[in-house]
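Geometric and topological summary
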Amino acid sequence: MNNVITFDQTIKSKSMKKIIGLFILLYMYCSVYGQVENIRVNSYSLTRCNEPSIAVNPTNPANIVIGANNTFCFYTFNSGETWQELQMESSFGVWGDPSLGFDSEGNLYFTHLSGEPPISGRWADRIVIQKSIDGGKTWSDGTFTGLNRPKQEDKSWMTIADTNSIYKDNIYIAWTEFDTIMSEHPDCKSRILFSYSVDKGEAWTAPISINDSDGDCYDDDDTVEGAIPAIGKDGGIYISWSGPDGILFDKSLDGGKTFGEDLFISPQIGGWAWDSHEIEGVRGNGFPQTLSDNGISEHSGNLYIVWADQRNGTSNTDIFIKKSTDKGITWNDAVRVNTDMTERPQFFPWASIDPETGKLYILFYDRRNTTGTFTDVYLAISEDGGETFSNIKISEESFSNDNYAFTGDYINLQVFNGVIYPVWTHVNNLNQRFIYSAVITEEVLTSTDKEIGSFENILHTNYPNPFKEETTISFQVKEKNHVSLRVYDSLGKEVASLVNEIKKPGEYNVYFDGSNLSSGSFFYKLEVGNWSTSSKMLLLK
Ligand SMILES: [Ca+2]
Ligand SMILES: [Ca+2]
Ligand SMILES: [Ca+2]
Ligand SMILES: [Ca+2]
């Protein structure tokens, strides 16, 4: 049923030479920077190839599978050295928004939208779930959930409960239902739906609506969209999404039968949808992702929500994170994830947690070091439960990311056994699209850490300044040392202690909330061991 295309041997030997050449270059580069080696997944450009989703087989981690728009599936059984490509087929149709995952037994699931345009009324009428028991080589025709014609079912995401959860291997899907997609009629509504399977994708529960107030049907800022389920150890099901009221959150404590009252998490300045005027040249979004740390570290039980918004300027999109240590009842202040001090955009965040260490990894597109529409890919790492982040560039070359070669709505990341597997859409200088990945081990990250060794002790000017309520203070630490960052009023009285602990070399940023202070000048002082410096900021209400 599926067409398997194996890499041509001549192409392979040519690319081997290229790889050797690249290796030498990389080695030279490594001695300075410690660059992550990138893997190109498709050998030739594929039209509409974007929105990649990646899954690593827990029973054989050399088996990695990537799905991409609209119908692509790539799989490897040798950790990405060689890839096979096939086109997904199903009698329900295959129409993009791929989301992939393995259960603990190595069963692989590929969730996507349904339909084929030639069949009138069939487009996106349900969410289809196909299954592979041979690591992605062959697929079932699929089962489905959400069929509710003539309404349309769109932007689905699947999460499989992990081995530490009481609901291990149950499959959960959340998506957006439109009465009529793109309709401008005021009565046309959108809602977040949720359905799950307790029998490995054979049967699906009747979808229920999670959100308390509906969105519109424009597929824009005021549409409710971007729901990604997280399943806790104790079976709590946590979901956040974007819509007219900003980022909202809800949870189910009965295994997904019922949800509660929506909780407001954060405004989303600029909405979730950004056109090419907001992020130069490209359609971007800041959909929130909910995560539950089900691991064994001191951060186990934490919930996180990661998203992007434009609170720091229309063209200066940033990535933010909030944390809850009480299962979503209360949330801390937002922390900025990208550590740069530029006014350039970061977008399409995707996060994953290493359950062994509680380390948090966030992948995103980043234009901090580029001009125009040129884009890099960065990985942010937090070792302290989302309080502070270091950032590492993982793409080998910048590429122009614009609507000439549409890169979809998301990139993706998985962490398994301490190895980090990012996947993103790369566009070459001929506007051809490729899926890129990497296999990033702790050794690679440690060597990349050497980049951090080139850091100096620096205190950057806070941003924004003057500020109304919140501002970000960024600093670098040269060597592992005790670090303190304190804020004083104009009379020298301490008003806040923002950092007071041992820090590794790296770049950090800290949010300062001045909402309960009155207007005036403040000083902030950074101490690293015996070294110290201070700077001034202005609170204007
Ligand atoms: Ca899509
Ligand atoms: Ca609700
Ligand atoms: Ca917008
Ligand atoms: Ca930015």
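Residues numbered from 1 in each chain as written. Chains lettered and ligands numbered in written order. Predicted model: local features only at pLDDT ≥ 70, side-chain atom pairs only at ≥ 80, totals over all residues. Heavy atoms only, no water.

Some details on the coordination of the calcium ion (ligand 1)
Which entries qualify depends on this criterion: Donor criterion used throughout: N, O or S atom within 2.8 Å of the metal, extended to 3.2 Å for Na, K and Ca. Water excluded; incomplete-looking sites may result. We count a stretch as a helix when DSSP gives it H or I for four or more residues in a row; a strand needs E for two or more, and each element gets its number in order from the N terminus. The cut-offs for exposure are 20% and 50% of the maximum accessible area for each residue type, with area from a 1.4 Å probe on protein chains only; residues under the lower value are buried, those over the upper are exposed, and the others partly exposed.
Protein-derived ligands of the calcium ion (ligand 1) are Glu-51 (OE), Glu-51 (OE) and Asp-97 (OD), with the metal-ligand distances lying across 2.1 to 2.6 Å. Taken together, the residues span a long stretch of sequence, with Glu-51 in the loop between strand E1 (39-40) and strand E2 (53-56) and Asp-97 in the loop between strand E5 (84-87) and strand E6 (99-102) at a distance of 46 residues. We note that Glu-51, like Asp-97, is buried.

Here's the deal with the sheet that holds strand E21 (residues 303-309)
Formally: If DSSP finds at least two bridges between two strands, the strands pair.
Taken in spatial order, the four strands make up an open sheet running E20-E21-E22-E23, and their pairing is antiparallel. This sheet does not close on itself; its edge strands, each paired only once, are strand E20 (289-292) and strand E23 (335-336). Here two bridges tie strand E22 (residues 318-324) to E23, and the two strands are oriented antiparallel to one another. Its bridge partner being in E23, Phe-320 is matched across the sheet by Arg-336.

Notes on the coordination of the calcium ion (ligand 3)
Tetrahedral coordination by four donors places them ideally at 109.5 degrees to one another around the metal; octahedral coordination by six donors ideally gives 90 or 180 degrees. Donor atoms from the polypeptide that bind the calcium ion (ligand 3) are Asp-221 (OD), Asp-221 (OD), Gly-270 (O) and Ala-273 (O), placed at 2.3 to 2.9 Å. For the calcium ion (ligand 3), all donor residues lie on one chain, and their spacing in sequence is D-x48-G-x2-A. Taken as a pair, Asp-221 in the loop between strand E13 (208-209) and strand E14 (230-231) and Ala-273 in strand E18 (residues 273-274) lie far apart in primary sequence, 52 residues in all. Given a relative accessible area of 24%, Asp-221 falls into the partly exposed group.

Quick look at the sheet that holds strand E16 (residues 246-252)
The sheet built from four strands is open, its strands ordered E14-E15-E16-E17 with antiparallel pairing. What marks the edges here is a single partner per strand, and that holds for E14 and strand E17 (263-266). Two strands pair when backbone bridges link them, and E14 and strand E15 (residues 237-243) are joined in this way by two bridges, in the antiparallel orientation. Its bridge partner being in E15, Ile-231 is matched across the sheet by Ile-237.

A closer look at the state of the cysteines
Note the following rule: Disulfide assignment relies on a single distance test, namely cysteine sulfur atoms paired within 2.5 Å.
For the structure shown, the criterion picks out one disulfide. In this model, Cys-188 is linked to Cys-217 through a disulfide, with the two sulfur atoms separated by 2.3 Å. Disulfide Cys-188-Cys-217: the torsion about the S-S bond is -85°, which places it as left-handed. One end of the pair, Cys-188, is in the loop between strand E11 (171-178) and strand E12 (190-197); the other, Cys-217, is in the loop between E13 and E14, with 29 residues separating them in the sequence. Residue class for Cys-188 comes out buried when judged on its relative accessible area of 5%.

Quick look at the pairing of E16
Counting buried residues along E16, six of its seven residues qualify, which places the element largely inside the surrounding structure. Summarising the sheet, E15 and E16 pair through seven bridges and their orientation is antiparallel. Counted as the bridge partner of Ser-240 is Phe-249 from E16. Remark: two residues form the turn of the hairpin made by E15 and E16, two consecutive strands paired antiparallel.

Regarding the nonpolar core
In plain terms, the rule: For this analysis, a nonpolar core means a set of buried residues of the types Ala, Val, Leu, Ile, Met, Phe, Trp, Tyr and Cys, connected via side-chain atoms within 4.5 Å. In what follows, residue pairs with any heavy atoms lying within 4.5 Å of each other are defined as contacts.
Formed by 47 residues in total, the largest nonpolar core has its most connected members in Ile-321, Ile-362 and Ile-394. For this core, the elements supplying multiple residues, two or more each, are E21, E22, strand E24 (346-353), strand E25 (360-366), strand E26 (374-382), strand E29 (412-416), strand E30 (419-427) and strand E31 (433-437). In terms of residues, this core owes the most to one element, E25, which gives six residues. If we ignore the near neighbours within four places in the chain, the residues touching Ile-321 are Tyr-304, Ile-305, Val-306, Trp-307, Asp-333, Ala-334, Val-335, Val-337, Leu-360, Ile-362, Gly-386 and Phe-389. In terms of nonpolar packing, the next biggest core, distinct from the first, is built from 20 residues, Phe-467, Val-477, Tyr-524 and Leu-539 among them.

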